[in-house]
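Observations on the three-dimensional arrangement
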Amino acid sequence: MDYAVQFGEKSVGKAQVTRQGLYYHVICRCDLSGEVMYRLEVSGGGNRVNLGILVPMENGFGLDTHFPVSRLGQGELSFRLMPRHDPLQGRVFVPITPEEPFAYLTRLKEAFLEIQEGRKGASLPREGKEE
């Protein structure tokens, strides 16, 4: 059975699901830019399962995996993409500009590179004092 893969309100690909005994086999293909890494999440029966990170495949990004049916329970399945570093809530995006000094050097251990609207920046936890 085929399902749409959602990223927010937008459909970005499809997930083909077949049941093989006690397991679901999922083949997912999505049309993404590759600027950000995403993980695929499936929901059903009141549960959510993280299926893993999408990797470059064919004409986009995808994932082939198996997982036990018992991890979801009964109900309609839905698939969505989440940024790899989820939850991003509680993080702040700090643009990196070559002409300006970076005021957060001491916090780089807890940062990761992110691209938002074509601008590179550091995603930092909100915890602690922001400089």
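This section reports on the structure supplied with the text. (Residues numbered from 1 in each chain as written. Predicted model: local features only at pLDDT ≥ 70, side-chain atom pairs only at ≥ 80, totals over all residues. Heavy atoms only, no water.)

Before going further, it helps to examine the overall build of the chain. Counting its secondary structure elements, the chain contains 0 helices and 11 strands. Each helix and strand of the chain, placed in order from N terminus to C terminus, yields the pattern β-β-β-β-β-β-β-β-β-β-β. On C-alpha atoms alone, the chain measures out to a radius of gyration of 18 Å, which is more than a quarter above the 14 Å that the 2.2 N^0.38 rule sets for 131 residues. Seen through its principal axes, the chain has C-alpha atoms that stretch 55 × 30 × 25 Å. For the chain, with 131 residues in total, the buried portion stands at 36%. Sequence separation of at least 24 residues holds for 56% of the intrachain contacts in the chain that already meet a minimum separation of 6. Accessible area for the chain stands at about 8,500 Å²; split by element, carbon and sulfur atoms hold 51% of it. A gap of 5 Å separates the mean positions of the 16 positive and 17 negative side-chain charges of the chain. (Helix = DSSP H or I, 4+ residues; strand = E, 2+ residues; numbered from the N terminus. Rg over C-alpha atoms; globule rule 2.2 N^0.38 Å. Buried < 20%, exposed > 50% of the residue type's maximum accessible area, 1.4 Å probe, protein only. Contact = heavy atoms within 4.5 Å. Areas by Shrake-Rupley, 256 points an atom, 1.4 Å probe, with all protein chains shown as cover. Lys, Arg positive; Asp, Glu negative; His and termini not counted. Charge placed at Lys NZ, Arg CZ, Asp CG, Glu CD.)

Turning our eyes to something else, we now look at the sheet that holds strand S10 (residues 112-116). Sheet architecture is open: 3 strands sit in the order S9-S11-S10, paired in antiparallel fashion. Single-partner strands in this sheet number two, and they are strand S9 (91-95) and S10. Pairwise comparison of adjacent strand axes, ignoring direction, gives a mean angle of 40° for this sheet. When S9 meets strand S11 (residues 119-125), the two strands line up antiparallel, connected through 5 bridges. Paired with Val92 across the two strands is Leu124, which belongs to S11. (Pairing = 2+ DSSP bridges. Axes fitted to C-alpha atoms, helices over the stretch in contact; angles between N-to-C directions.)

Let's shift gears to the packing of aromatic side chains. All chains considered together, the criterion is met by 4 aromatic pairs. An angle of 75° between the planes, with centres 5.0 Å apart, marks the rings of Phe7 and Tyr38 as edge-to-face. Pair noted here: Phe7 is in strand S1 (residues 2-7) and Tyr38 is in strand S4 (residues 38-44), with a separation of 31 residues, a long-range link. With relative accessibility at 14%, the residue Tyr38 sits in the buried group. Note on Tyr24 and Phe67: the rings are 5.5 Å apart at their centroids and 50° apart in plane angle, and the pair reads as tilted. Of this pair, Tyr24 sits in strand S3 (residues 23-30) while Phe67 sits in strand S7 (residues 60-68), placing them 43 residues apart in sequence. The buried category is assigned to Tyr24, whose relative accessible area is 12%. (Phe/Tyr/Trp six-rings, centres within 6.5 Å; stacked < 30°, edge-to-face > 60°.)

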